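The primary structure of each chain is shown beneath.
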Amino acid sequence: MLRSAIHTCLSALLLLLGAAHAQPSPAAVTAVRPAGVYPAAAAPGETAWIFGLSGVAPEGKLNVGGQAAEYRLDRASGWLAFQVPQRAAGGPQRLTLRGAPQSLSLNVLTVSPGTDALVYVRPDVAKTVQTEYTRRLQALADACARTCPAEVQAVLKRLSAQQPPALAPLASPATGQGVRVAPLPTLATRAPLVTLTTLKAANLTQLLNPAARPPAAPSDSICSALAGTVPTAGLPLGQVLTLLELIFAGDLQTDPTRVGWPNQATDPPYAKMPPAQVLARLLNFRGGSGKGVTIHVLDTASATEDPFTYSGQYYTVTFTDRPHHGRAIGEIAQAVAPGAELNYRQVCEKDGTCSTLKTVQALCAVAADARRGGRHVVNLSVGGANPTRGLHLALREVTTLGVPVAASYGNRDDCARLVPGDRCNHYPADWTRAYKFGPAVNLAARSLRATMLFSVAGWDVATGQLATYNRGVGNPGVLTEPPSVQAPGEFWLGGYPYFGTSFAAPVVSGLLASWMSCQPGVPLLPLVTTPGQAPIAPNVVNACP
């Protein structure tokens, strides 16, 4: 599963830098404007600030999720500074502080050292970004002088000394993917939301006026954007991401360049039994179709190889250098839908690190294929704590074209070491409710709606219930979004055991492909939690005659 990275919506991002404050009294912080958090995202160990609070002591304690941190007043800005706890849970975490509003949150970045900033730029403003990049940063640095924390001023100074990023069409081919490039659409020119002139003329209070905030996401296709990389060596990644979005408003958006990696006392059940036979026993699976449907596997495998290996233990079986991840995903999906065509798109490397850019490019390639016709399904047995902006927009691109997505829910190790009050996030699976559509259907006293994004949890093939390896199981008090469906997630391939939500997702991908080969739309797949009851209805498992 890919551990990803993105920030909260852009409207929240533009509540970022605090305004010039009057010198606060030692006892309290003077309220100047609605409270907010800067930066919108920060990694453990980095400094973040809360601004705009009144009646709060100048120093004390707050919580990031369930993790405690100490804060202190920065007198130059009037902001409350705190360090993100080293053990903070990844992704959006609620900030709690006595006297503060309940809406404060921080996106905790869980990315490996050396992760740079990825920028997406509208084609019609690419020249503006190139020519005004340094000048806008310098203008913001001037506006921030003497009224922002010293750390923020230092970041602006160092960032403005860099060259603007080189930009290339996001739809360019990426190594190992075989992406076919579609012509970029012509976009209508629109008035910029922020200009160099307004940056120079306005103070931060004016710049952050709610009337000046751009929409949460651009109306333009993410796949038409240009992309580039901003090196962040020695700079806090969260501040870089936030500052770049601020100076270019809705014309430039950001993500971290790396988004994580794929996941995954009795004898093992169904040892070395082919997946189709396992599913026949568990779900009364009689054999699927998938004819005329392409399953796109975005993972560690390309069309020719899969260099990923993994060592671990499955029940009492210890294994070393178990090969592949993406290739196993594809084999499971095709066992369910033998008539489907597989299209492997490598977005993760041998060491398991996954590229934000490659993932977005791969989804844009799927969108291009869907526009040319045919039926398509996407499997994402990858995910992570951070809600990556480019991934969300690219998923919108493919799902609005009628392409359903099966995403792994996340494994228990995602929540390791978390404490009560922490939120254990896993995207894209946790977006499933945002992709619901159509009228509600009443089923067993529940009101359900179909979704284009299936969050797939693992169903234990031995006990016939929610598997203990699922995210959040055995972590009392840790907050998680529920999955949308369960599926068997334990299989043997090539003499090796594969288990986890990564391997439950392709069961659903295969069932979706089989359904689409003979049925309209996508099936309704409710979450069945009754122990011993098959997790997926027979009319979906055997949809085709």
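Let me begin by describing the structure that accompanies this report.

Criteria and thresholds
- Residues numbered from 1 in each chain as written.
- Predicted model: local features only at pLDDT ≥ 70, side-chain atom pairs only at ≥ 80, totals over all residues.
- Heavy atoms only, no water.
- Helix = DSSP H or I, 4+ residues; strand = E, 2+ residues; numbered from the N terminus.
- Expected span 1.5 Å × (residues − 1).
- Buried < 20%, exposed > 50% of the residue type's maximum accessible area, 1.4 Å probe, protein only.
- Polar contact = N/O pair within 3.5 Å; in protein donor to acceptor, adjacent residues only side chain to side chain.
- Contact = heavy atoms within 4.5 Å.
- Pairing = 2+ DSSP bridges.
- Axes fitted to C-alpha atoms, helices over the stretch in contact; angles between N-to-C directions.
- Phe/Tyr/Trp six-rings, centres within 6.5 Å; stacked < 30°, edge-to-face > 60°.
- Lys NZ or Arg CZ within 6 Å of the ring centre and 35° of its normal.
- 1 Å grid on protein atoms, 1.4 Å probe; cavity = no way out; pocket = protein on both sides within 12 Å on 5 of 7 lines; lining within 4 Å.
- Points joined across faces, edges and corners; volume = space filled by probe spheres on them.
- Nonpolar A, V, L, I, M, F, W, Y, C, P; charged D, E, K, R; others polar.
- Left-handed = near helix turned anticlockwise from the far one by under 90°.
- Salt bridge = Lys/Arg side-chain N within 4 Å of Asp/Glu carboxyl O.

### As for helix α9 (residues 356–372)
Thinking step 1. For α9, spanning 17 residues, the distance from its first C-alpha to its last is 25 Å, which sits close to the expected 24 Å at 1.5 Å a residue.
Thinking step 2. By the criterion of burial, α9 is predominantly enclosed, with 14 of the 17 residues buried.
Thinking step 3. Capping of α9 at its N-terminal end is provided by S355; its side-chain oxygen lies 3.3 Å from the backbone amide nitrogen of L357.
Thinking step 4. Following α9 by one or two positions, G373 has its phi on the positive side, about 120°.

### Overview of the environment of Y120
Thinking step 1. Structurally, Y120 can be placed in strand β9 (residues 117–121).
Thinking step 2. Expressed as a C-alpha distance, the spacing of Y120 and L252, which sit 132 residues apart in the sequence, is 5.6 Å.
Thinking step 3. Those residues in contact with Y120 that lie beyond four places of it in its chain are L170, I222, A225, L226, D251, L252, Q253, T254, D255, T356, V360 and G390.
Thinking step 4. In this structure the side chain of Y120 is engaged in a polar contact, spanning 2.6 Å, whose partner is the side chain of D255.

### Observations concerning the sheet that holds strand β16 (residues 341–346)
In sheet architecture, strand pairing relies on hydrogen bonds along the backbone and comes in two forms, parallel and antiparallel.
Thinking step 1. The sheet built from six strands is open, its strands ordered β16-β13-β17-β18-β21-β22 with parallel pairing. What marks the edges here is a single partner per strand, and that holds for β16 and β22 (485–488). Adjacent strand axes in the sheet meet at a mean angle of 30°, parallel and antiparallel pairs treated alike.
Thinking step 2. Taken together, the six bridges between strand β13 (residues 293–299) and β16 define a ladder with parallel strand orientation. Its bridge partner lying in β16, V297 is registered against Y344.

### A word on the packing of aromatic side chains
Thinking step 1. Applying the stated criterion across every chain yields a total of ten aromatic pairs.
Thinking step 2. With 5.8 Å between their ring centres and 50° between their planes, Y38 and W79 make a pair best called tilted. Of this pair, Y38 sits in strand β1 (residues 36–38) while W79 sits in strand β6 (residues 79–83), and the two are 41 residues apart along the sequence.
Thinking step 3. A relative accessible area of 0% means that Y38 is categorised as buried.
Thinking step 4. Pairwise contacts between aromatic rings join Y38, W49, F51 and W79 into one cluster.
Thinking step 5. Above the plane of the ring of Y435 lies R396, whose end atom (NZ or CZ) is 4.2 Å from the centre.

### Some remarks on the environment of D414
Thinking step 1. Along the chain, the position of D414 falls in the loop between β18 (405–408) and β19 (436–443).
Thinking step 2. Residues D414 and G384, 30 residues apart in the sequence, show an inter-C-alpha distance of 8.1 Å.
Thinking step 3. In terms of polar contacts, D414 uses its side chain to reach the side chain of H426, at 3.4 Å.

### Notes on the layout of surface pockets
Thinking step 1. Here the second largest pocket is characterised by a volume of approximately 320 Å³.
Thinking step 2. Residue lining of the second largest pocket: 19 residues in total, with K436, L448, P483, S484 and L527 positioned closest to the centre.
Thinking step 3. Of the residues contributing to the lining of the second largest pocket, the split by class is ten nonpolar, four polar and five charged.

### Let's talk about the packing of helix α8 (residues 326–336) against helix α11 (residues 501–516)
Packed helices, taken two at a time, are described by the angle between their axes plus the distance between the axes.
Thinking step 1. Where α8 contacts α11, the two axes come as close as 7 Å, and the packing angle between them is 35°. For the crossing formed where α8 meets α11, the hand is right-handed. Only S502, F503, P506, V507, G510 and L511 of α11 make contact with α8, whose side of the interface consists of A328, I329, I332, A333 and V336.
Thinking step 2. Its residues assigned to classes, the contact of α8 with α11 comprises nine nonpolar, two polar and no charged.

### Topic: unusual backbone geometry
Thinking step 1. Residue P39 follows Y38 across a cis peptide bond; omega there is -10°.
Thinking step 2. Along the chain, P39 falls in the loop between β1 and β2 (41–42).
Thinking step 3. Y427 connects to P428 through a cis peptide bond whose omega is 15°.
Thinking step 4. Within the secondary structure, P428 sits in the loop between β18 and β19.
Thinking step 5. The phi torsion at Y270 lies on the positive side, around 55°, for a residue other than glycine.
Thinking step 6. In this fold, Y270 is placed in the loop between β12 (252–256) and α7 (275–283).
Thinking step 7. The backbone of K272 sits at a positive phi, close to 60°, despite the residue not being glycine.

### Considering the pattern of salt bridges
Thinking step 1. Tallied over the entire structure, the rule returns eleven salt bridges.
Thinking step 2. Here E349 ties to K358 by a salt bridge, and the two come within 3.0 Å at their closest N and O atoms.
Thinking step 3. You can call E349 partly exposed: its relative accessible area is 30%.
Thinking step 4. For K358, a relative accessible area of 14% puts it in the buried group.
Thinking step 5. Residue R372 pairs with D369 through a salt bridge whose shortest N-O separation is 2.6 Å. Of the two residues, R372 and D369 both sit in helix α9, three residues apart, roughly one turn of that helix.
Thinking step 6. Residue classification places D369 among the buried positions, given a relative accessible area of 7%.
Thinking step 7. Each of R122, D124 and D251 takes part in one network of salt bridges that share partners.

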